[in-house]
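# Descriptive analysis of the structure
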Amino acid sequence: MREIVVRRGDALLIAGFVLAALNLRPALAGVSPLLPAIMRDLGLSPAGGGAITTVMVACLGLLAPVAPALAARIGLDRTLLAGLLVLAAGVALRSADGVPALYCGAALAGTAIAVMNVVMPGLVKQHFPDRVGLFTGLYVSVMVSGAAAASAAMVPLAGQTGWRAAAGAPALLALLAAALWRAALTKAAPPRPPRTRTKAAPPPEPRARTKAAQPEVPPAETARAAAGAQQLASPAPSSPEPPPPRPPGRRTRPRTGRDR
């Protein structure tokens, strides 16, 4: 799923967004009216009963910084979808039998609400950039209305079905919101182009080595170079041999006028 900005008139996206906002408070606000029945059934003290809501509120404050890191990793849309699914699982676990399941489910539901509280303003800016004020007020109004409706409906519902079914009712609302949000994202996502297999290009053929073109030499320079090469090839002229030495004997002196 890709996160894209869709038309503000997309009714499915708006319905999923409003229903997700409706899940932000019923799991938390609906516990307090049921505390007397929960404490009586599980044998909890007043401190143990108050710890149920304390655990959820503590998770709201302590685990909210996890939401930006999660949204950066999987995106805002998927973070909200994961929060709705975790909320449904936590509410269902909280309604199971046993005190450990009660507190573990409360912590899980509080974590999911903390994450969704952080990503909702970002989703408004992403999907409704030209109606930020309108949709921010809308989701806040729906969130408060959900808290009031849950507080008012829990006691009558618990009188007819028991406190476990009443406390687990918000899980159905979270699953419905998750299904609607998933359908809205699927409709908004553009279709993926079909994958085509492309053949690998053949390796390039080796180029034949060509001799570098010889520069043209003028005929005069060619003849001059040939004459120089011929002179280098001819043997060097021999030097004159020295005169033979005179035989040993008496020395003759040059003739003068007296000898005549």
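Residues numbered from 1 in each chain as written. Predicted model: local features only at pLDDT ≥ 70, side-chain atom pairs only at ≥ 80, totals over all residues. Heavy atoms only, no water.

### A word on the overall build of the protein
Using the following cut-off: Each helix corresponds to a stretch of at least 4 residues labelled H or I by DSSP, and each strand to a stretch of at least 2 residues labelled E; elements are numbered beginning at the N terminus. Working definition: with a 1.4 Å probe on protein chains only, accessible area under 20% of the residue-type maximum means buried, over 50% means exposed, and in between means partly exposed. Two residues qualify as a contact provided that any one of their heavy atoms is within 4.5 Å of a heavy atom in the partner residue. The Shrake-Rupley method, run with a 1.4 Å probe, gives the accessible areas here. Residue values count only the displayed protein chains as cover.
Scanning the protein from N- to C-terminus turns up 10 helices and 0 strands. Burial statistics for the protein: of 260 residues in total, 33% are counted as buried. Considering only contacts in the protein between residues 6 or more positions apart, those separated by 24 or more positions represent 82%. Put simply, the protein shows about 17200 Å² of open surface, and 63% of that area lies on carbon and sulfur atoms.

### Topic: the side chain of Gln126
To keep it simple, the criterion reads: Residues adjacent in sequence count toward polar contacts only when both atoms are side-chain atoms; beyond that, a polar contact is any pair of N or O atoms within 3.5 Å, and within protein one must be able to donate a hydrogen and the other to accept it.
Among the structural elements, Gln126 can be located in helix H7 (residues 99-127). Here the side chain of Gln126 touches His127 through a polar contact of 3.1 Å, side chain to side chain.

### Examining the confidence of the model for the protein
Note the following rule: The pLDDT value expresses, per residue, how confident the predictor is, ranging between 0 and 100.
Of all residues in the protein, 68% have pLDDT values of 70 or greater, and the mean over the chain is 81. Element-level pLDDT for the protein is lowest in helix H10 (residues 219-233), with a mean of 61, against a maximum mean of 95 in helix H6 (residues 76-94). Predicted confidence is poor over residues 1-6, with pLDDT under 50, and the contacts of this stretch with residues over four places away or in other chains come to 22 contacts.

### A short note on a nonpolar patch on the surface
Going by this rule: A patch is a set of surface residues, each over 30% in relative accessible area and not in a salt bridge, joined within 9 Å for like charges and within 5 Å for the nonpolar side chains Val, Leu, Ile, Met, Phe, Trp and Tyr. Salt-bridge detection follows one rule: a side-chain nitrogen of Lys or Arg within 4 Å of a carboxyl oxygen of Asp or Glu.
Together, Leu85, Leu172 and Leu175 line one region of the surface with nonpolar side chains, adding up to about 300 Å² of accessible area. Checked against the element boundaries, Leu85 lands in helix H6. Given the relative accessible area of 45%, Leu85 is considered partly exposed.

### Considering the packing of aromatic side chains
Spelled out, the test is: Pairing of aromatic rings covers Phe, Tyr and Trp, the last through its six-membered ring, and needs centres within 6.5 Å; plane angles under 30 degrees mean stacked, over 60 mean edge-to-face, and all others mean tilted.
Summed over the entire model, instances satisfying the criterion amount to 4 aromatic pairs. When the ring of Phe17 is compared with that of Phe135, the centres are 6.4 Å apart and the planes differ by 75°; the resulting orientation is edge-to-face. Taken together, the positions of Phe17 in helix H1 (residues 11-22) and Phe135 in helix H8 (residues 132-161) put the pair 118 residues apart, joining distant regions of the chain. One exposure class covers both Phe17 and Phe135, and it is buried. Arranged with centres 3.8 Å apart and planes meeting at 10°, the rings of Phe128 and Phe135 form a pair that is stacked. In this structure, Phe128 and Phe135 share a single accessibility class: buried. Taken together, the ring pairs in this structure connect Phe17, Phe128, Phe135 and Tyr139 into an aromatic cluster.

### With respect to the nonpolar core
Nonpolar side chains tend toward joint burial in soluble globular proteins. Quick note on the threshold: In these notes, a set of buried Ala, Val, Leu, Ile, Met, Phe, Trp, Tyr and Cys residues joined through side-chain atoms within 4.5 Å is what counts as a nonpolar core.
Counting residues in each nonpolar core, the largest one holds 55 residues, and the members touching the most others are Phe17, Leu80 and Leu87. The element contributing the most residues to this core is H7, with 12 residues. Sequence-distant contacts of Phe17, that is, excluding residues within four places in its chain, are made with Met120, Leu123, Val124, Phe128, Phe135, Tyr139 and Trp181.

### Considerations on the side chain of Thr53
For Thr53, the position within the fold is in helix H4 (residues 46-62). Within the structure, the side chain of Thr53 is placed 3.0 Å from the backbone oxygen of Gly50, a separation counted as a polar contact.

### Focus on the packing of H1 against H8
Here is the rule we go by: Here an axis means a line fitted to C-alpha atoms, over the contact stretch when the element is a helix, while the angle between two N-to-C directions is reported on a 0 to 180 degree scale. We call two directions roughly parallel when the angle between them is under 35 degrees, roughly antiparallel when it is over 145, roughly perpendicular when it lies between 65 and 115, and oblique otherwise. Helix crossings fall into two classes, left-handed where the near helix is turned counterclockwise from the far one by less than a right angle and right-handed where it is turned clockwise. In this classification, Asp, Glu, Lys and Arg are treated as charged, Ala, Val, Leu, Ile, Met, Phe, Trp, Tyr, Cys and Pro as nonpolar, and every other residue, Gly included, as polar.
Viewed as axis vectors pointing N to C, H1 and H8 meet at an angle of 45°, and their least axial separation amounts to 7 Å. With respect to H8, the axis of H1 lies oblique. The two elements H1 and H8 cross, and the hand of that crossing is right-handed. In contact with Ile14, Phe17, Val18, Ala21 and Leu22 of H1, H8 contributes Phe135, Leu138, Tyr139, Val142, Met143 and Gly146. Broken down by class, the residue content of the contact of H1 with H8 amounts to 10 nonpolar, 1 polar and no charged.

### Points about the packing of helix H5 (residues 66-74) against H6
Following both chains from N to C, one finds H5 and H6 inclined at 120°, their axes separated by 7 Å at the closest point. Our classification of the angle between H5 and H6 gives oblique. Handedness of the crossing formed by H5 with H6: right-handed. Taken together, the residues of H6 that come into contact with H5 (itself represented by Leu70, Ala71 and Ile74) are Leu76, Arg78 and Thr79. Among the residues making up the contact of H5 with H6, the classes are represented as 4 nonpolar, 1 polar and 1 charged.

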